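Structural overview
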Amino acid sequence: MRAVGSVIADAPTQALYLSAKEWQRIVDEQPHWLRHFAALLAERFATAYRAYADAQAMTRDEWVHARLKLVANVEREHGACMPCIRLSQAHLASMVGVSRQTLNAALMRLQARGLLRVGFRTIELIA
């Protein structure tokens, strides 16, 4: 199976990998968990569908700015107190589905509009 996303941890983290066989064993032994897994999958699908719909309705610059605001909100939920996002342009480009060069041009336009400031591996949201 091919991964369709990536995760970057900025704190000690543990990950659990379940093989198909282990997954089937859990479902067979404790079928009540299947409802929770299905709800999680449905939520993930709905989030992906909303993101796709949003992307179709926005300009590339608006999409980049919206994704940055989303990342900043997630970071705030996890204790960050500054509007500064620590993220490489290469990683952000992969998040929004553009080349790093295209992303850099969008960031420069957003910076010129006063919406953010770009630094080395950091992006500070202003508006």
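Scroll up to find the structure this text is about.
Now for a quick tour of the structure. Model, not experiment: these values are computed from the prediction. Starting from 1, residues in each chain are numbered consecutively following that chain's sequence as written. Per-residue local features are limited, in this predicted model, to residues with pLDDT of at least 70; the limit for side-chain atom pairs, both in listing and counting, is 80 or more; totals at the level of whole chains, interfaces and linings are taken over all residues. With hydrogens and water excluded, all non-hydrogen atoms of the structure serve as input to the side-chain values.

Salt bridge, as used here: a side-chain nitrogen of Lys or Arg that lies within 4 Å of a carboxyl oxygen of Asp or Glu. Enumeration according to the criterion identifies three salt bridges in this entry. A salt bridge links Glu29 to Arg25, with the shortest nitrogen-to-oxygen separation between them at 3.2 Å. Note that Glu29 and Arg25 are positioned in helix H1 (residues 20-29) at a spacing of four residues, about one turn of the helix. For Glu124, the salt bridge is made with Arg117, and the minimal N-O distance between the two is 2.8 Å. Helical segments are the DSSP runs of H or I of at least four residues, strand segments are the runs of E of at least two, and each set is numbered from the N terminus.

What follows concerns the environment of Trp33. Considering the arrangement of structural elements, one finds Trp33 in helix H2 (residues 32-57). Relative accessibility decides the category of a residue: with a 1.4 Å probe and only protein chains considered, values under 20% of the type maximum give buried, values over 50% give exposed, and everything between is partly exposed. When its relative accessible area of 37% is taken as the criterion, Trp33 is described as partly exposed. Here a polar contact is recorded for every N or O atom pair within 3.5 Å, except that within protein the pair must consist of a potential hydrogen donor and a potential acceptor, and residues adjacent in sequence are included only if both atoms are side-chain atoms. Within the structure, the side chain of Trp33 is placed 3.3 Å from the side chain of His32, a separation counted as a polar contact.

Angular values range over 0 to 180 degrees, each being the angle between N-to-C directions of two axes fitted as lines to C-alpha atoms, with helices fitted over their stretch in contact. Their axes nearest at 9 Å, the elements helix H4 (residues 89-96) and helix H5 (residues 100-112) cross at an angle of 95°. Judged by the angle between their axes, H4 and H5 are roughly perpendicular. Where H4 abuts H5, its residues Gln89, Ala90, Leu92, Ala93 and Val96 lie against Arg100, Leu103, Asn104 and Leu107. An angle counts as roughly parallel when it lies under 35 degrees, as roughly antiparallel when it exceeds 145, as roughly perpendicular when it falls between 65 and 115, and as oblique in every other case. Two residues qualify as a contact provided that any one of their heavy atoms is within 4.5 Å of a heavy atom in the partner residue.

This next bit is on the sheet that holds strand S1 (residues 84-86). At least two DSSP bridges between two strands are required for those strands to pair. Pairing is antiparallel across the open sheet formed by three strands, whose spatial order is S1-S3-S2. The open sheet has two edge strands with one neighbour each: S1 and strand S2 (116-119). Going across the sheet, the axis of each strand differs from the next one's by a mean of 20°, ignoring polarity. Taken together, the four bridges between S2 and strand S3 (residues 122-125) define a ladder with antiparallel strand orientation. Considered in S3, the bridge of Arg117 is made with Glu124. Packed on one face of the sheet, helix H3 (residues 60-77) meets S1, S2 and S3 and runs near 90° to S1.

Bear in mind that shape data such as this cannot, by itself, settle questions of function.
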